[in-house]
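# Structure at a glance
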Amino acid sequence: SQQGEEDPQALSIQEGENATMNCSYKTSINNLQWYRQNSGRGLVHLILIRSNEREKHSGRLRVTLDTSKKSSSLLITASRAADTASYFCATDASAGGTSYGKLTFGQGTILTVHP
Amino acid sequence: EAGVAQSPRYKIIEKRQSVAFWCNPISGHATLYWYQQILGQGPKLLIQFQNNGVVDDSQLPKDRFSAERLKGVDSTLKIQPAKLEDSAVYLCASSTQAYQGANVLTFGAGSRLTVL
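Notes on the structure in this doc start here. (Residues numbered from 1 in each chain as written. Chains lettered and ligands numbered in written order. Predicted model: local features only at pLDDT ≥ 70, side-chain atom pairs only at ≥ 80, totals over all residues. Heavy atoms only, no water.)

## Structural notes on the sheet that holds strand β3 (residues 19-24) of chain B
All names here are of chain B. Strands sit in the order β1-β3-β8-β7 across an open sheet of four strands; the sheet is antiparallel. Unpaired on one side and paired on the other, β1 (5-7) and β7 (65-69) mark the two borders of the sheet. The average angle at which neighbouring strand axes cross in this sheet is 15 degrees, direction not considered. With five bridges connecting them, β7 and strand β8 (residues 75-79) associate as antiparallel partners. What sits directly across from A67, in β8, is L77. (Pairing = 2+ DSSP bridges. Helix = DSSP H or I, 4+ residues; strand = E, 2+ residues; numbered from the N terminus. Axes fitted to C-alpha atoms, helices over the stretch in contact; angles between N-to-C directions.)

Below, the structure is given as structure tokens:
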């Protein structure tokens, strides 16, 4: 079953604009990760945020996590045409501080960045 | 480092035929996953191995799907007999808990199956 639900399902923006994608989940988590998938390719890990963290940054990416609302958001700043891809959140519901569990993926957000 | 290798990249079969997919994970990665991704959906875990033992196969349709990981390295996923609804991309991923104790997955390019 899918743990995460992403919103919006599709997002179309112009180059230079910011893109925000949201993810909601149902159970308690150890960490939440975001992955990117270019058309016809495998997924690539972007960023991980632990349940005791509220915000993480990596380059043009900013991730927030609100465990009380069971939600996360991914912000891509100053988007580029090369950012066009599908973006998935994935939750690890392992108990304790070390992750042994499976990652459960959401349905994804399709981002299109127009030059 | 070399990535996760999968083959074949594409396969077209008739329903009720059988098919096998192969995966070679990143060297040293103890955990190996097979995910099924139907068009327009997120990946769904089929089976997770830790070395050569099964950790989770709760969503594997065991009447038609089987998977093995010999010697804790390469893995094969087999479907026999295939149904139309098995048309999907089969993604193999591997991981190590070197990311500060968390499982971060490295995916292969996937094997696209079309069942006619």
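## A few points about the packing of aromatic side chains
The geometry of an aromatic ring pair comes down to the distance between the two centres and the angle between the two planes. Throughout the structure, instances matching the rule amount to eight aromatic pairs over all chains. Here the aromatic rings of A:Y35 and B:F107 are separated by 5.9 Å at their centres, their planes lie at 85 degrees, and the arrangement is edge-to-face. Of this pair, A:Y35 sits in strand β4 (residues 31-37) while B:F107 sits in strand β10 (residues 102-107), on two different chains. Plain terms: the ring middles of A:F105 and B:F107 are 6.0 Å apart, the flat faces sit at 75 degrees to each other, and that makes the pair edge-to-face. Residue A:F105 is located in strand β10 (residues 103-105), and its partner B:F107 is located in strand β10; the two belong to separate chains. (Phe/Tyr/Trp six-rings, centres within 6.5 Å; stacked < 30°, edge-to-face > 60°.)

## Observations concerning the sheet that holds strand β3 (residues 19-24) of chain A
Residues and elements named next belong to chain A. Strand order in the open sheet formed by five strands is β1-β3-β8-β7-β6, and the pairing between neighbours is antiparallel. Each edge of the sheet is formed by a strand with only one pairing partner; in this case those strands are β1 (5-7) and β6 (55-58). The average angle at which neighbouring strand axes cross in this sheet is 15 degrees, direction not considered. As paired elements, β3 and strand β8 (residues 71-76) share six bridges and run antiparallel to each other.

## Comments concerning unusual backbone geometry
Trans is the prevailing form of peptide bonds, just as negative phi is the prevailing case for residues other than glycine. Omega for the bond connecting A:D7 with A:P8 falls within 30 degrees of zero, at 0 degrees, which places this linkage in the cis form. Cis peptide bonds are those with omega within 30 degrees of zero, and the linkage from B:Q80 to B:P81 qualifies with -5 degrees. Relative to the assigned elements, B:P81 resides in the loop between β8 and β9 (88-99). Within the chain, A:K70 stands out as a residue other than glycine whose phi angle is a positive 50 degrees. As for its placement among the helices and strands, A:K70 is situated in the loop between β7 (61-66) and β8. In this model, B:K71 sits at a positive phi of 55 degrees, which is unusual for a non-glycine residue.

## Here we look at the pairing of strand β4 (residues 31-37) of chain B
Two faces, one strand: in a regular strand the side chains alternate between the faces of the sheet. Residues and elements named next belong to chain B. For β4, a buried count of seven out of seven residues is recorded, marking the element as mostly surrounded by other parts of the structure. Along β4, one buried face is formed by T31, Y33, Y35 and Q37 and the opposite face, lined by L32, W34 and Q36, is buried too. As defined by bridge partners, β4 adjoins strand β5 (residues 44-50) across six bridges and the pair is classed as antiparallel. Each residue of the ladder has a partner; that of W34, found in β5, is I47. (Buried < 20%, exposed > 50% of the residue type's maximum accessible area, 1.4 Å probe, protein only.)

## Re the state of the cysteines
Residues and elements named next belong to chain A. Scanning all chains against the criterion turns up two disulfides over all chains. Disulfide partner of C23: C89, at an S-S distance of 2.0 Å. Negative torsions about the S-S bond denote left-handed disulfides, and the value of about 65 degrees found for C23 with C89 makes this one right-handed. Here C89 lies in strand β9 (residues 85-92) and C23 lies in strand β3, a separation of 66 residues in the sequence. (Disulfide = S-S within 2.5 Å.)

## Digging into the side chain of B:N103
Inspection of the secondary structure puts B:N103 in strand β10. Here B:Y33 takes part through its side chain, which lies 3.3 Å from a polar atom of the side chain of B:N103. (Polar contact = N/O pair within 3.5 Å; in protein donor to acceptor, adjacent residues only side chain to side chain.)

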